[in-house]
Amino acid sequence: GDSVTQMEGPVTLSEEAFLTINCTYTATGYPSLFWYVQYPGEGLQLLLKATKADDKGSNKGFEATYRKETTSFHLEKGSVQVSDSAVYFCALSDASGGSYIPTFGRGTSLIVHP
Amino acid sequence: GAVVSQHPSRVICKSGTSVKIECRSLDFQATTMFWYRQFPKQSLMLMATSNEGSKATYEQGVEKDKFLINHASLTLSTLTVTSAHPEDSSFYICSAAGQGYVEQYFGPGTRLTVT
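Quick caveat: nothing in here was measured; it's all calculated off a predicted structure. (Residues numbered from 1 in each chain as written. Chains lettered and ligands numbered in written order. Predicted model: local features only at pLDDT ≥ 70, side-chain atom pairs only at ≥ 80, totals over all residues. Heavy atoms only, no water.)

A.B. asks: I would appreciate a short explanation of the overall build of chain A in the present structure.
C.D. replies: Within chain A, the secondary structure is distributed over zero helices and 12 strands. Helices and strands appear in chain A in the N-to-C order β-β-β-β-β-β-β-β-β-β-β-β. For chain A, whose C-alpha radius of gyration is 14 Å, the value lies close to the compact-globule estimate of 13 Å for 114 residues. In terms of overall dimensions, chain A has C-alpha extents of about 45 × 30 × 20 Å along its principal axes. Buried positions account for 45% of the 114 residues belonging to chain A. Sequence separation of at least 24 residues holds for 56% of the intrachain contacts in chain A that already meet a minimum separation of 6. (Helix = DSSP H or I, 4+ residues; strand = E, 2+ residues; numbered from the N terminus. Rg over C-alpha atoms; globule rule 2.2 N^0.38 Å. Buried < 20%, exposed > 50% of the residue type's maximum accessible area, 1.4 Å probe, protein only. Contact = heavy atoms within 4.5 Å.)

See the structure below:
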């Protein structure tokens, strides 16, 4: 079945540091890939997405490129802020067989210190 | 973007009682809704998938008689935790997806505490 693997956290950085959160996936079809962010006490918000190979999703300074050859969708940001502290979930959706099947990674907590 | 609401945001109930959580898509028709349970240390567990007008599909290990899901309209799904116990205390999150969409939109979550 489909699966998503994220690097374990927490990831602790100083403000303005470079961020990478690794995400790899396995899927039988041609999935769409997502990054969601969850701030403390809230639900998940879509951060960015990519629907096909080599697509780059970007939003709020975050980027991720859909790499089919390495089955990866790593999240990056050049300069993190304290307000970026949250939990980040990598996810895929695979419409194989006509059904919508969401699969999430376990989440990676990011802590940014001033 | 699409908006999904949940009600209530927090609920405290006594052991043995039932609690209903509502999930509404406010500006789109949600043909599919998902219910998740989030445990401490953040892991997100899919409980069930519901399509409007049909019975929910529960994930393995989720008791369908305990977690009753109804998706009676294209904008509303409900999760009822029956005969709640302290171990049911958790953060419950719903999400919704429209026809032909590949992404889902999440509600803000409901914190359930069973005393």
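Still to come is the rest of the account.
A.B. asks: So what exactly am I meant to see when it comes to the sheet that holds strand β3 (residues 19–25) of chain B here?
C.D. replies: Residue and element names in this part refer to chain B. A sheet is described by the order of its strands in space; here four strands give the open sequence β1-β3-β8-β7, paired in antiparallel fashion. The open sheet terminates on both sides in strands that have one partner only, identified here as β1 (4–7) and β7 (67–73). Across the sheet, the axes of successive neighbouring strands diverge by a mean angle of 15 degrees, strand direction being ignored. As judged from the six bridges shared by β3 and strand β8 (residues 76–81), these two strands associate in the antiparallel manner. Across the sheet, residue R24 finds its bridge partner in β8, namely L76. (Pairing = 2+ DSSP bridges. Axes fitted to C-alpha atoms, helices over the stretch in contact; angles between N-to-C directions.)

A.B. asks: Explanation requested: the pairing of strand β6 (residues 44–50) of chain A in the structure shown.
C.D. replies: Within a regular beta strand, the side chains point alternately toward one face of the sheet and then the other, so they alternate between its two faces. All names here are of chain A. The sheet contact formed by strand β5 (residues 32–38) and β6 spans six bridges and is antiparallel. If you follow L33 over to β6, its bridge partner there is A50. A loop of five residues connects β5 with β6, the two strands running antiparallel in sequence, and G41 in this loop sits at a positive phi of about 75 degrees.

A.B. asks: Any chance you could explain the environment of B:T49 here in plain terms?
C.D. replies: Residue and element names in this part refer to chain B. Residue position: T49 is located in strand β5 (residues 44–51). By relative accessible area, T49 is classed as buried at 15%. Along the backbone, T49 and M33 are 16 residues apart, and their C-alpha atoms lie at a distance of 6.0 Å. Non-local contacts of T49, meaning those with residues more than four positions away in its chain, are made with T32, M33, F34, A56 and T57.

A.B. asks: Teacher, can you tell me more about the pairing of strand β1 (residues 3–6) of chain A here?
C.D. replies: Residues and elements named next belong to chain A. Where burial is concerned, the two faces of β1 differ: the one with V4 and Q6 is buried and the one with S3 and T5 is not. In terms of strand pairing, β1 meets strand β4 (residues 23–26) through four bridges, oriented antiparallel. Bridge pairing in β4 links Q6 to C23.

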